[in-house]
Amino acid sequence: QQKWQKGLVNLVVVNELEAPQKFSFALMALGKNWCDWVYEITPSGAGCTVTHSWIDHRSKFANRLGKLVSGVADRSEHNRRNMEATLKNLKAAAEN
């Protein structure tokens, strides 16, 4: 299990690694798992399909606190847009 820490609040813990099919990590904050980030890779034709997902585990309190700390009012929409950009950039890098 690999861990990365920034400051006293955030800690990233690898949940699962099944190379090259799946990679998942948890964002821990204040000792709790706030969310999981998951990348799943499946072969398709001459390439692969990458699925990127975010699983929110925050309590109502943590959700409100997150809004105050980050300034992001709609975390789901914010993450959806960023995941789309990540996948677009990954595709461009893989095709070059």
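Residues numbered from 1 in each chain as written. Predicted model: local features only at pLDDT ≥ 70, side-chain atom pairs only at ≥ 80, totals over all residues. Heavy atoms only, no water.

A. Inspection of the pattern of salt bridges at higher detail. A complete count under the given rule lists 6 salt bridges for this structure. Of the charged contacts, one joins Glu16 and Lys22 as a salt bridge, the two residues approaching to 3.3 Å between their closest N and O atoms. Using a relative accessible area of 27% as the deciding quantity, one classes Glu16 as partly exposed. With a shortest N-O distance of 2.8 Å, Asp56 and Arg58 are connected by a salt bridge. (Salt bridge = Lys/Arg side-chain N within 4 Å of Asp/Glu carboxyl O. Buried < 20%, exposed > 50% of the residue type's maximum accessible area, 1.4 Å probe, protein only.)

B. Quick look at the packing of aromatic side chains. Across all of its chains, the model carries 2 aromatic pairs by this definition. Taken together, a centroid distance of 5.6 Å and an interplanar angle of 45° make the contact between Phe23 and Phe25 tilted. Using a relative accessible area of 30% as the deciding quantity, one classes Phe23 as partly exposed. For Phe25, a relative accessible area of 18% translates into the label buried. Each ring, one from Trp37 and one from Trp54, has its centre 6.4 Å from the other, and the planes form 45°; the classification is tilted. Of this pair, Trp37 sits in strand β4 (residues 32-44) while Trp54 sits in strand β5 (residues 47-56); the two residues are 17 residues apart in sequence, bridging distant segments of the chain. (Phe/Tyr/Trp six-rings, centres within 6.5 Å; stacked < 30°, edge-to-face > 60°. Helix = DSSP H or I, 4+ residues; strand = E, 2+ residues; numbered from the N terminus.)

C. Examining the environment of Ala85 more closely. Secondary-structure assignment places Ala85 in helix α2 (residues 75-95). As a C-alpha pair, Ala85 and Glu40 span 45 residues in sequence and 16 Å in three-dimensional space.

D. Spotlight on the pairing of β4. Sheet topology places strand β3 (residues 22-29) next to β4; 8 bridges connect them, and they run antiparallel. Paired with Lys22 across the two strands is Glu40, which belongs to β4. Between the antiparallel neighbours β3 and β4 lie 2 residues, among them Leu30 with a positive phi of about 55°. Relative to β5, β4 is paired through 10 bridges, and the arrangement is antiparallel. Looking across to β5, one finds that Val38 is bridged to Ser53. Where β4 hands over to β5, the hairpin turn is made up of 2 residues, of which Gly45 adopts a positive phi near 60°. (Pairing = 2+ DSSP bridges.)

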